[in-house]
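Structural overview
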Amino acid sequence: MKALFITITLLLTTLCYSQSVDGKLLINNSSKIEIKLKDGNAVELFKQFKIGTYQVKFIFESKGLPLDEQNRQVALVEFETTLFKDGKQIGTVKRKPMPFFPGEMLEPVESFDIIHLLSKTGSKLSASAYPGKVPPGKYEVRISANVIGGKGTIAPISIIIFI
């Protein structure tokens, strides 16, 4: 009876931890950076990401995730971008889950909704308004990654933007 109890306990423990993930997001090899955005131009920030001034890395290791046809582990990951202005949350966007292989990957700025959320803070779009103009203030963009159906954590990043 005691052996059966130990076997069941070990089996349940293995199942509980069978799909685990450990990882982090980094921006310029850090979990937090500060940016001074000249003239409050979100399009300029987009350009800075595109030319590689700011690079976002997604790094994770996994154990027990489903395998694809080539016996590679695959995780479904949902990115969430949250924007704060002067400490108050003003927007959040969750991306639909996408499959990723464990390892280290550079992610393009389009994987997140940084520029989209910042652009929405400006005046209403009109023929005379410049799209992407961000009002003065202190903004914080928090980006997190959540693995669907897996346990563990992926450390988020924080981007502080002064305009």
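First, a word on scope: everything that follows refers to the structure included in this document. The model shown is predicted, which means the values in this text are computed figures rather than measured ones.

Thresholds, definitions, all that
Residues numbered from 1 in each chain as written. Predicted model: local features only at pLDDT ≥ 70, side-chain atom pairs only at ≥ 80, totals over all residues. Heavy atoms only, no water. Helix = DSSP H or I, 4+ residues; strand = E, 2+ residues; numbered from the N terminus. Buried < 20%, exposed > 50% of the residue type's maximum accessible area, 1.4 Å probe, protein only. Contact = heavy atoms within 4.5 Å. Areas by Shrake-Rupley, 256 points an atom, 1.4 Å probe, with all protein chains shown as cover. Polar contact = N/O pair within 3.5 Å; in protein donor to acceptor, adjacent residues only side chain to side chain. Salt bridge = Lys/Arg side-chain N within 4 Å of Asp/Glu carboxyl O. Phe/Tyr/Trp six-rings, centres within 6.5 Å; stacked < 30°, edge-to-face > 60°. Lys NZ or Arg CZ within 6 Å of the ring centre and 35° of its normal. Arc of directions from axis to C-beta. Pairing = 2+ DSSP bridges. Axes fitted to C-alpha atoms, helices over the stretch in contact; angles between N-to-C directions.

1. A short note on the overall build of the protein
Across its full length, the protein holds three helices and ten strands. In the protein, the order of α-helices and β-strands from amino to carboxyl end is α-β-β-α-β-β-β-β-β-α-β-β-β. Scored against the burial criterion, the 163 residues of the protein give a buried share of 37%. Counting only contacts in the protein whose residues sit at least 6 apart along the sequence, the fraction spanning at least 24 positions is 70%. A total of about 10,100 Å² of accessible surface is found on the protein, and carbon and sulfur atoms cover 58% of it.

2. Section: the environment of Arg142
Checked against the element boundaries, Arg142 lands in strand β8 (residues 138–148). When its relative accessible area of 40% is taken as the criterion, Arg142 is described as partly exposed. Separated by 28 residues in sequence, Arg142 and Ile114 place their C-alpha atoms 9.0 Å apart. Leaving out residues up to four positions away in the same chain, Arg142 has contacts with Glu80, Thr81, Thr82, Phe84, Ile157 and Ser158. Here the side chain of Arg142 touches Glu140 through a polar contact of 3.0 Å, side chain to side chain.

3. Some points on the pattern of salt bridges
Counted by the stated rule, this structure contains five salt bridges. With a shortest N-O distance of 2.9 Å, Asp113 and Arg95 are connected by a salt bridge. Placement of Asp113 in the loop between β7 (103–107) and α3 (114–119) and of Arg95 in the loop between β5 (88–94) and β6 (98–100) is noted, with a sequence separation of 18 residues between them.

4. Notes on the packing of aromatic side chains
Throughout the structure, instances matching the rule amount to six aromatic pairs. Taking 5.7 Å as the distance between ring centres and 85° as the angle between the ring planes, the aromatic pair formed by Phe79 and Phe100 counts as edge-to-face. Placement of Phe79 in strand β4 (residues 75–85) and of Phe100 in strand β6 is noted, with a sequence separation of 21 residues between them. A connected cluster of aromatic rings, assembled from ring pairs, spans Phe58, Phe60, Phe79, Phe100 and Phe112. Above the ring of Phe84, the side-chain terminus of Arg142 is found at 4.2 Å from the ring centroid.

5. Overview of helix α2 (residues 42–50)
An α-helix turns once per 3.6 residues; consequently, residues spaced three or four apart project the same way. Along α2, the positions that sit buried rather than exposed are Ala42, Leu45, Gln48 and Phe49. Down the axis of α2, the buried set is contained in an arc of 110°. They therefore lie on one face. Looking at the buried side of α2, the elements it contacts are β1 (20–27), β2 (32–36), β3 (56–63), α3 and β10 (157–162). Where α2 terminates, the next one or two residues include Gly52, which has phi positive at roughly 95°.

6. Looking at the sheet that holds β1
Taken together, four strands build an open sheet; the order of strands is β7-β3-β1-β9 and the sheet is mixed. Pairing within the sheet leaves two strands with one partner each, and these edge strands are β7 and β9 (151–155). Along the sheet, successive strands turn relative to each other by an average axial angle of 15°, direction set aside. Direction of pairing for β1 relative to β3: antiparallel, over a ladder of eight bridges. Looking at β3, one finds that Lys24 is bridged to Ile59.

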